Each structure stands twice: as C-alpha cells, then as structure tokens.
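Here's the letter readout for the chains.
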Number of protein chains: 2
Amino acid sequence: MANRVTLDHIAQHVGVSKTLVSLVLNGKAQQYGISRQTCDRVFAAVKELNYRPNQTARSLRTGKTGTIGLVVSDISNTFYAQLARQFEDLATANGYSVFICSTDEDVEKEQRLITMLRNRQVDGLVVSSSQSNAEWLMAINDSGTPLVLIDRHLGASTLTAVVAANRNGGALLANQLFEQGYRHPLVIGLSTNHISSVAERIEGFVEVFKGKGQTCAIREVGFNTLQPDVHSLLANPKLLPFKPDCLFAVNNNVATAALQSLAAMRVKIPNELGLVCFDDLPYFSIIEPTITAVEQPIAAMCGKAFELLQLKMVGDSVEVSQGILELPVKLNIRRSSLKKSK
Amino acid sequence: MANRVTLDHIAQHVGVSKTLVSLVLNGKAQQYGISRQTCDRVFAAVKELNYRPNQTARSLRTGKTGTIGLVVSDISNTFYAQLARQFEDLATANGYSVFICSTDEDVEKEQRLITMLRNRQVDGLVVSSSQSNAEWLMAINDSGTPLVLIDRHLGASTLTAVVAANRNGGALLANQLFEQGYRHPLVIGLSTNHISSVAERIEGFVEVFKGKGQTCAIREVGFNTLQPDVHSLLANPKLLPFKPDCLFAVNNNVATAALQSLAAMRVKIPNELGLVCFDDLPYFSIIEPTITAVEQPIAAMCGKAFELLQLKMVGDSVEVSQGILELPVKLNIRRSSLKKSK
DNA sequence: CTGAAAGCGCTTACAG
DNA sequence: CTGAAAGCGCTTACAG
C-alpha cells in the first residue's frame, strides 16, 4: 500500500529489464558498462514514478537490513538518551537505522527484546546489558550476530565491550573527597550491583578510602524504587554504622534522588554533607552548589562501539579485538565536594 | 548467517509441509483443525532446532513489518527522551519495535529520515515535525502511510495531531506571573517559531499580558546556538525595549540555558528576575529556587497518539479523527515566580 | 487435516 | 550492454 511502484514498473516504463534497473540503481552501471543514456532514462523514470525501493525485499535477498538494535536499561535516563543520540548520528551517517529498546534492568525483558531484534534480522546489536553472566549473550555472539557491549562489560568473557574507566572514576572522586577532608563516605549503589559499571565505580572509590585507613558505608537502592529508597536511607542515618560526612552517588539518577531528598530535608551541601556523583548532568554546573562529577566519554564510547560493530558487521574475517576497551573519564571538580569545614 | 534454521528445516524435521508449520506457528491450528499432537511435534522441533522466524521474509509477504518510526528533533532532549520511552512501552506491548530518529529541526533531514523509514516499510510514523507547512507530510498521509503528528501540529491541515494545550499553558504561566506582580516579561522563543507548539505558547502568554495592558519583549534564539544566544540576550538588557522583570522560557532547553547564564551572572531569582518555563524537568523541583513550570501530559499524548496510529494501521476503513487533539497541561507553581518584591 | 504452488520485491550469478 | 531465471523465507489461497 505504502509503495505500489516496484522495480518491474519502472523497468516496463523504461522498456528494459528489471535487472538493468537494479544494476543502475545500485550504482553498478559503470561496472557493467551500462550506457549513460540508459542510466538517465532509468533515473528519469524513478523520479517520474516516484519509485522508492522496498528495503524489506532487498533485505530478504541480501541478508542485510541496514538496522542496528540499541539496548539500554532506560532511554529516558539522560545518560542513555545522550548515548543514543550520539550513536544514532553515527548509524545514520553510515546508512543504518536504529531500534532503541529499554530493558528496565530486567534480565528476561532484555532477552525478549534482543530475540525480537534478531528476528528482525538486525545487522548488529549494541547492548548495555543487565545480564549477570555472559553466557546468554556469548551464545548470540558465537552464533554470528555482531554484538558489542557498551557501558557495561560482562566479566572476562570474550565479548567485545566499550566502557568508561569506571574504577578510575570512582577513585578520582574518592581522592577528591579525601583531599578535601572527608573521611566517612556513604556510597549509594544500586541493587543491580552485579553490573560491572556500578561495581567498579564502587570498588575504585572504596579502595582509595581503604588505602587511607577509612571504611565506607555501602548501601543499595532499587532501580524501580530509587527515590523512596534513597530518601529512607538519608532520612535514617541511625541505621548506618556511622554518620556519613559525604555521599557518593553511583550514577545520575541516584544523585538526582539524593539531591531531591537532601533539599527536602534542608541539608546543606557541602557544609553538612559533601556530595560527588558518577555521570555528569547539565544541571550539575547550574545548581547551587554545583556538583562534582565524573563525566563519561559518551561520544568516544559510541564512536569506538560503532567502529568495532562495523568491523564485525562487514565481518571480513577481520579479527575484532575481543575484550574490554576502557575509555578515560574526566573529573569535574565543583563546589559540592569543597573542603569540609571542621 | 544469524538465522540458519528456516521453516523448511523444521518441516522436514517433523515430516510435514511448511504450510502446516506456518499455520501452527501462527496460531491457526485450531482454525484448520490441526491435531494437538501435530502441533506439539512442531513446537518440539522449533525448540530443538532453536527456530526463529525471519521477520524480514514474513514482512515481505504480509506487507507488515511491525515497526514504527518515531521522529523528533532531538532524542537527547529530556522531553523527547521521556516521550520516546513512553511510546516505546506502548509499541513493545503491542508487538512493534520503534526506530527513533532526530532531525535537529532540519526540514530536509526530516524528509530524508522519513523517506528512509518509509523505504523500510514501517507500518506507521509518529512525528514531531519541523516542517513549516503541511504539504509534504500530507502527501505521505494521503499515500496511505499511517501518520500521526505529536507535540506539534501543522496548522488546520487534515493531519491527525496530538498536542499539549500549549496556548493555555502559556496563559497559565502569564497569569501566574501577573498575579505575582510581574509586569515586564521577556519571552525567549526559538528561531523555529513557526513551530506550532512554540508559537502557541508565546501567543497564549502574550495575550494575557496584552489583556492587562502590558507588552512583552519577544526574542528568538537559535536551535544550534541556544546557549550563547540566550546568554547574549540576558547579558545585554540594554538592547531590549525595557528592563524585564521576569522571563518566560519557551521550553526546557531554553530554561536550562537561561539558568546557566543567570547563575553565571549571579542574578537572583525571583528577586531580581522572575522565571517560568514550559516543560517540567526533575531538577525544577530540586534546585534553589524551584522553578515554576507547565508540565506536559507526556503519557497521555503517547497513549492517544499510539491509539490513533493503531486505528490507522489496522485501517479497517475506520474513520480516524482528523485534526488536532489537545491534551490538558498542568501548572506547577514553585518559587521562581513568587511575588515580586517592590 | 495436509501439501504443492504461487508470489511478496528485490539481487545476482549466468548466459548471450 | 542486456535479459531470463533462480531464490531469499515466509504466508496464503487452493485443492484434495
């Protein structure tokens, strides 16, 4: 319905075979020595009949759909929204369209979505996975579906992954806090702590304090109950082993929830509580106080992920680097982690 | 490569025709009186051989791809990111996958993207269009491609559109400011002011002040030069016909740019300058001061848009309501528009 | 209850 | 330079 005009129509209209038309339209005229004249007649007919090739038919024949599936936990999370945008630009520039799917950190939903994408014959998959082990995705990778992990890796699997230097980022934040006189951090992680990014941020952070002889309180909040969980955590300091003098929010959503909660309780940052966060947000440089955060190399991650994916998609037996590629992060020091007043 | 197992394989494996297998897999066993036993053997083979139907082949045959194209100006804009997420949920729940495309408010890019999506045989299109007239999209709609506009309409065309009550939202904000004693608003719009949403917000706002005998200064900033444009506007009040006592930011991005600029200039809100915004953001209820904003009915807009699109997609000669459907907005009064101190 | 056959709209050897 | 034919993997009348 949407496309009544087919190759046959235009072939008939020009008075040639559809083979010829196809060749011309695919830029193989030169190669097959098709006359300039014939080409022009074909192009004229295409314009006149307003022909648009049916990509579905082409895909069935060629085995390539020109589509990529991007799977993240939640496309409305600013980090993933920015990542999606950057990735979309790369994909579009290279002739691909991208399906975007949100998993809500649900392992089974992720599998359902990925299966659906594979049934749609996507040429490649870029996923920020919530799986707790590499098994399931490894099978997909081994079956020949080009797959690149982004943002999170799945341990020492042979899956290609492009991630931020999470451990180092955590360490940078910890050092900043320590230098400024903070000694008793509360780390707010996620119940999905098995996820590499979160786990490594926390490890990197805790290690630094440990090296200084300080312990951190580590608490987890639920992905779907972020706000209330964070609030009850901050509202009930008695439940912690010590009264924290600073906070490490493990991602932007946790930070936002914490800021919301602290604002409601009128806690002064950084005077009463220091605060640092992994993930930078535009508002972090606007609000009072500005928030110290680690900025992820989103553009670089997308660039590298797309590059690796493309290598796998052309698949000319090129050996694509398996393993984890870590990209450097940037520490943006702002007022929320300023020197603790005695 | 990704899918070596076809219907033929499983037909052979079970020892039946692929017609039968197809019927069973499409839940038509009942209808064709296929025995329970046969069905079970088919299902067993499917599981054993790990068969996944090739959606591309199915699409070519049925003319339905089970895909929808969502076209917005920028998926990384929080408003569109949230909208995309809501829409994705509805689509996924109904068996659709969604292509997401960003146009950067570029009319031609929008056309290129939409053409690409049509070539991919999407079953439907939801677009927040940057076109300055309805012509181009009307042709697509008339050609039979199910199309629903969202967020922005294209004038009194016969295109189906689901939008927020932009005019009313603008008026609500104006009334709030006026009641609080503000008299000299600076309206910061976008150079893409032809866009219905922006235009109506401004109209609704200005009308209210006009009704009170007050004039507004209206200025535009560029989509790609938002930050610097907003800043130079705020940094050079001499260029305005009067010194504004309040600001109306026409969307979340403008508001963010304004806040950034005002923070840098240490302008006190609302004491030195009142501020209201169209689009609510999580940070508006966190920052100091909290920001008065109109909240868009994103979930309702997506729900309605999907519903209308689906009607068009099944296309049982159902007469889908043409025209503009306006959904009510909500005014969230916060501190940034508090009473102006004399 | 079941199968052979046509066809969706392309691309690509193959033959001339 | 050009065309007839096969085939990608499905679904769906049609016939029995």
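Only a predicted model underlies this, so the values are computations on that prediction, with no experimental measurement involved.

Definitions and cut-offs
- Residues numbered from 1 in each chain as written.
- Chains lettered and ligands numbered in written order.
- Predicted model: local features only at pLDDT ≥ 70, side-chain atom pairs only at ≥ 80, totals over all residues.
- Heavy atoms only, no water.
- Contact = heavy atoms within 4.5 Å.
- Buried area = accessible area lost by both parts, 1.4 Å probe.
- Salt bridge = Lys/Arg side-chain N within 4 Å of Asp/Glu carboxyl O.
- Polar contact = N/O pair within 3.5 Å; in protein donor to acceptor, adjacent residues only side chain to side chain.
- Helix = DSSP H or I, 4+ residues; strand = E, 2+ residues; numbered from the N terminus.
- Least-squares fit on C-alpha atoms with pLDDT ≥ 70 in both.
- Pairing = 2+ DSSP bridges.
- Axes fitted to C-alpha atoms, helices over the stretch in contact; angles between N-to-C directions.

1. Thoughts on the interface of chain A and chain B
Piece 1. Every contact between the two is made by 56 residues of chain A and, on the other side, 56 residues of chain B.
Piece 2. Summed over both sides, the interface between chain A and chain B buries roughly 4,600 Å², with carbon and sulfur atoms accounting for 55% of that surface.
Piece 3. The three residues of chain A that bury the most area against chain B are R85(A), R120(A) and Y283(A), which together make up 15% of that side's buried surface.
Piece 4. Inspection of the region where chain A meets chain B yields four salt bridges.
Piece 5. The partner of R85(A) in a salt bridge is D104(B), with the nearest N and O atoms 2.2 Å apart.
Piece 6. Linking chain A with chain B are 25 residue pairs in polar contact (both at pLDDT 80 or more), by the criterion used here.
Piece 7. Elements represented by at least two residues in the side of chain A that touches chain B include exactly α4 (55–62), α5 (78–93), β2 (97–102), α6 (107–119) and α11 (252–264) of chain A.

2. Quick word on the relation of the copies chain A and chain B
Piece 1. For these two chains of identical sequence, chain A goes onto chain B by a turn of 180° and a shift of 0.0 Å along the axis, with RMSD 0.0 Å. Both chain copies can therefore be described as sitting about a two-fold axis. Measuring from the rotation axis to each C-alpha of chain A, the shortest distance belongs to F99(A), at 2.3 Å.
Piece 2. A high fraction, 100%, of the interface residues of chain A reappear at the interface in chain B, so the copies pair face to face through one surface.

3. Structural notes on the sheet that holds strand β7 (residues 217–221) of chain A
Residue and element names in this part refer to chain A.
Piece 1. Read from one edge of the open sheet, six strands run β7-β6-β8-β9-β10-β12, paired in mixed fashion. The open sheet has two edge strands with one neighbour each: β7 and β12 (330–332). The sheet shows a mean angle of 20° between the axes of neighbouring strands, direction not considered.
Piece 2. In this sheet, strand β10 (residues 292–295) lies alongside strand β9 (residues 274–278) in parallel orientation, the contact comprising three bridges.

Interpretation note: all reported values are geometric properties and have no functional meaning in isolation.
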